Amino acid sequence: MALFLTLWTVFLLALMHFSTCKSTGSSDYLVFPTESLNVFIRSKEQCLDIEWTVNPHAYTLNLKMIFQIDIRRTTFSNIVEKKNYATILIPNETLQWCWHSALPLECTSHFVRIRSMVDDERFPEFKFWSSWSSWVKSEGKDSSGQYHIFPVDKIYVEEDSNVTFCCISRTDNEKVDFLYERRDSQRTKLSPRMTMFEVNNVSFIRREGSNAYCKFNSDNSNIRGVVLYVVGSSDYLVFPTESLNVFIRSKEQCLDIEWTVNPHAYTLNLKMIFQIDIRRTTFFNIVEKKNYTTILIPNETLQWCWHSALPLECTSHFVRIRSMVDDERFPEFKFWSSWSSWVKSEGKDSSGEYHIFPVDKIYVEEDSNVTFCCLSRTDNEKVDFLYERRDSQRTKLSPRMTMFEVNNVSFIRRQGTNAYCMFNSDKSKVQGVVLYIVGVIEEPKNFSCQTRDLQTLDCTWDPGRDTLLQEEIMPTNYNLFEWFSQKKVNCVHRNWCTWQLTSDIQDMYNFTLTAENELRKRRVDILFNVTQQVQPKLVDEISIEHLSETEATLKWKIIPNQKRLSFLCQIEIYHNGKVIQYNTSNSQFTLRELQPYTAYSTRVRCCTANHFWKWSEWKSKNFTTKEDVPSGALDVWRIVEPVSMGYNVKIFWKPLPTFQANGKIQNYSIVMKTLGEVHRENIFFSESDSNSTEKIIDQQSYEISVVAFNSIGSSTPSVIVVSGDTENSAQNITEERVNGSRDGIYLSWKPDPAKAEGYVVDWCNYPQDAVCDFQWKKFGSNTTSAIIRSAAFQPGVRYNFRIYGLSTKHEAYLLEKKTGYTQELALDCKPVVTVGNLTSTSLTLNWKDNCIDEPQYGFFDGYHIYMKSEVGGSCDQETEKQNFSDNIIVCKYTVPDIKQKTFNVKKLQPKSTYNFEVKAYTGGGDSLGSFIEVTTGTPENTNLIMTILFPMAFFSLLLIIGLNLKIQWVKEKCFPAIPDPYKSSVLSLMKFKENIHQATLNTSDCIPDAIEVVNKPEISKMQGSRTLLMGNEITKPAYLYLLPTGKDALDSQTCICFENFTYRQEASDFDSSRQIQMIPTDPTRSVGPAEHLLNVEKDYIGSLDNIPAGEASLNYVSQLAPTGSTSGDKDSTSSNLEAAHCSEYKMQMVMSTGLALSLLPEDDRPISVTSLDQLEKPC
């Protein structure tokens, strides 16, 4: 940290050196001689007051310095006092020391000189004494030519001290006698007119003092004397209070207490303490005990004011005082005097009248507490207090006086608020007061002062918030007090004030700004050096001392114009929106490198250089430089149009820019020379405000040059050659389209490196107007593309561009033609549509329009045909499908030929409605269009087809219904099915030892041995065991096995039967069927085949007639061969159930339920029905 402070100090020293232009290599840099040395006498203290300053840079470093002070008198050549005074410098503080002399200072003149030395440990190498200041004199009275004695009038000294007097005579060597209570004194002649007398060990003689005087022999009537007060005893410095007075200052609500003490206390200027006691009538105890300390000043009455929360008029107050000396000169005399008598200030509580206090009106600050008192006429009278419906604290202080306290009052209205007392004994007696609530006055903010001319000081501040009341009711007063000069100025305005500065002697000012009203006082201080707070002012106008084509010298005047102030000025010059800034420390400046004949705007402002405070206001000046010869050449182009016997040449040129014109162009000179064998030259002029001319030439080549003239000279000629050959060769160039954008129109061209040294593009900004505003732009030989921009370009306007090459001979030849838009727009036309050749699937659209004749806002490329079907649908490949937000599908056809006015629409749906719209399109969109709605027709062969198809469909429907009703009958008659043994479930009952395909049975080998009896009610009870084909119900068929008798019986073989459900026939739809499986009780009983068939067939046929309708159901039942037969049913599986023995006969037959039951022998009993679920493959 110490290193940083050292570096920072060195930096400040370097900075100060730069500003004061001193050499950093000199040891004298930190030597600060004394400045502004002043010496004067303070007679009362008998002190020689010495004040001085040093260079301000020493203050900024807070240096510790030693000042050696020498003092001598007129009468002595030697030094009477040599003092080394050490101190640390504080910015803006004047150095001061006071020397006390035994000889009264007025007796003779004194001379003072001072020198200084830096004694700071930060700079040990700079301990060098400065040079002595000049001697400064404090004038004495020894040369006044009058009789004097000093001290004058009176003097106070302690007992046993020594006192020095001097007597001054009118003439030299005049005899002087000194007399003091007949005491001896020591006489010393100090000068021809001044004699010093010393009285040693003075003693107390009397309280009234002792006289000491000088008597001059030449004139005994001239005696000069002084009263000497000698302080000796302890009682002498005890001063009881005298003349105590107490009275009320109602406006300030202050109890003013005034008193005095013995005059001897004033003569000693004693510091004393006064103890003040205050009590009220209603209280016996002390309500205020104050110790008031002051230094007594002769002829000044002692005074103190006590402010009471309770209005002073409410009750009587009593005051007493005692005193004590508290002076460091007399520490042994600290004794309290006796109390004074009580002094009364009469109150109104015993007046016998109705009162409210404070009276009339009162001003209080926001959020403060206010105390009121209501005085009644009689004792203990009821009193009510009202104030804006606010609660108040009531206190009964005496039988006739009641105190009310309202806390934290707030602002209500500017007109004040009423507070009043209402007495019940006489309600007409209402006593009131108006209460004004005032905002608390704020301390002024941003208090600062500055000067413009070092004659008047302008001080400004922010007064803060409004005090809420009008200035007429309670004004806020502002005043400035300056401590050095002890002057005061009352300010008229609430936020600024002026102060007249004194001469150049005083630079430091210490101001106190006071803002006060009746309730409060606010102060703010500021200490500054007036030379450091200067805002310069530029007076008069800026003058132009010297003006040429490229230079201008500005000069201005600054105030204050004092040599001790240096300024820094800033110059700004404006041209073409650009600003250039310069700085100077002088009051004039030369601007260089300006452009000829150019208008400039410049302005100047200044500030103090050593201590920046504020810039002055800008001072402006406009000027124009002088003309010069034009620089550069005109930009020239032409239009060549063929006419009879030659060409019409329009020559255009662009005015020179200001920086090339260098003056006002007066005219243009056009020179036309032929380049053939016969030379001709024509010169003509054009006005200064023109930019084109027109001439007719013959078939020869011409060289055309154009020159601009101002008052000084002419520009460089601009040359262009016009040749008929080049113009004729450009007739066959095809125009190309180009695309534009918001930025402009992009052009590109093929380079012509053989002879082109540059290119030119020309066009018209307003091609549709008679005056097209012809424009051109030139490019170098390396440029083959450009974006042409113009503020005149508009959307929907076609611009035509011609691109030329420029040869080295200044001859132009056309290379390409371009046309385009910055932005294409839709055409302003509307095709009218008609329909022809309408069929059921096609139609022809025809339209008429004037789109070619209307203004071309874009490149007319063709037509768009929009088709929308009422029933929706998809678009074919020839169209473009467009979907809209409302799910509408539109098909778009594009006709790219603008000459085509008809279009065939195919692949339409018969008897459908379509909407068509035709629009002309450009790159900017579609034009307006007209809608047409079309409904397609009915096909031509539709009636014939309906005549044939409708009857066929009707009869086909009847046939299908009939077949569905007789499907079973048809199947039996037309499509009898042959059972497939491989798919029969019978095979599952057989246990094959080898292959299941060996179980194939032949019909000739099987005899009927089982009867299936179907009864629907029984079947319904057994549902869930088997699923019948063709969607019939699930049944469990029961079987009756008929075993043959005789020798052919197959007792040891297993026989398997199967049923064919396909050939099942029900007699009716009556919901009853039954399957019963029965086996004879005697398995050895046999029946012959013939007998068996005969009986069965006979009984079966006979029984059919006896079976009620709806109860019979016939099934084909087959008996299969024993397991020894083979079968090819690969899907069958073996069964775990062994069937009953059956005969070798195999047949297929149909049996009724009733017949089957009748075949059972009487002694046979039916076996229980076996569930198919219990079998692997039931039969």
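Structural data are supplied above this passage.
Below is a short write-up of the structure. (Residues numbered from 1 in each chain as written. Predicted model: local features only at pLDDT ≥ 70, side-chain atom pairs only at ≥ 80, totals over all residues. Heavy atoms only, no water.)

## A closer look at the environment of Phe-903
Move 1: Position of Phe-903 among the secondary structure elements: in strand β64 (residues 902-905).
Move 2: Sequence-wise, Phe-903 and Tyr-893 are ten residues apart; in three dimensions their C-alpha atoms are separated by 9.4 Å. (Helix = DSSP H or I, 4+ residues; strand = E, 2+ residues; numbered from the N terminus.)

## Examining the pattern of salt bridges
Note that side chains of opposite charge can pair when their charged atoms are close.
Move 1: Counted according to the given criterion, the structure contains 36 salt bridges.
Move 2: For Asp-256, the salt bridge goes to Arg-249, with nearest N and O atoms at 3.0 Å.
Move 3: The partner of Glu-880 in a salt bridge is Lys-892, with the nearest N and O atoms 3.4 Å apart. Pair noted here: Glu-880 is in strand β62 (residues 880-883) and Lys-892 is in strand β63 (residues 889-895), with a separation of twelve residues, a long-range link.
Move 4: The exposure class assigned to Lys-892 is buried, which follows from its relative accessible area of 11%.
Move 5: Three or more residues are tied together by salt bridges with common partners; here these are Asp-70, Lys-82 and Arg-113. (Salt bridge = Lys/Arg side-chain N within 4 Å of Asp/Glu carboxyl O. Buried < 20%, exposed > 50% of the residue type's maximum accessible area, 1.4 Å probe, protein only.)

## Side note on the sheet that holds strand β60 (residues 843-848)
Move 1: Here we have three strands laid out as an open sheet, ordered β59-β60-β64, and antiparallel in their pairing. This sheet does not close on itself; its edge strands, each paired only once, are β59 (832-836) and β64. The mean angle between the axes of side-by-side strands here comes to 25°, regardless of whether they run parallel or antiparallel.
Move 2: The pairing of β60 with β64 spans four bridges and is classified as antiparallel. Residue pairing across strands places Leu-845 opposite Phe-903, the latter belonging to β64. (Pairing = 2+ DSSP bridges. Axes fitted to C-alpha atoms, helices over the stretch in contact; angles between N-to-C directions.)

## Quick word on the sheet that holds strand β17 (residues 254-260)
Move 1: The three strands are arranged β16-β17-β20 in an open sheet whose pairing can be described as antiparallel. Because the sheet does not close on itself, it has two edges, and the strands there are β16 (242-249) and β20 (302-307). Pairs of neighbouring strands in the sheet enclose a mean axial angle of 15°, with direction left out of account.
Move 2: Sheet analysis places β16 next to β17, joined by six bridges and oriented antiparallel. When the bridges of β17 are listed, Glu-242 appears paired with Thr-260.

## With respect to the packing of aromatic side chains
Move 1: Using the criterion set out here, one finds 37 aromatic pairs in the structure.
Move 2: Pairing Phe-860 with Tyr-863 gives two aromatic rings, centres 5.5 Å apart and planes at 85°, and the pair type is edge-to-face. Accessibility classification places Phe-860 together with Tyr-863 in one group, the buried group.
Move 3: Grouping aromatic residues by their ring pairs yields a cluster made of Trp-499, Tyr-509, Phe-511 and Phe-528. (Phe/Tyr/Trp six-rings, centres within 6.5 Å; stacked < 30°, edge-to-face > 60°.)

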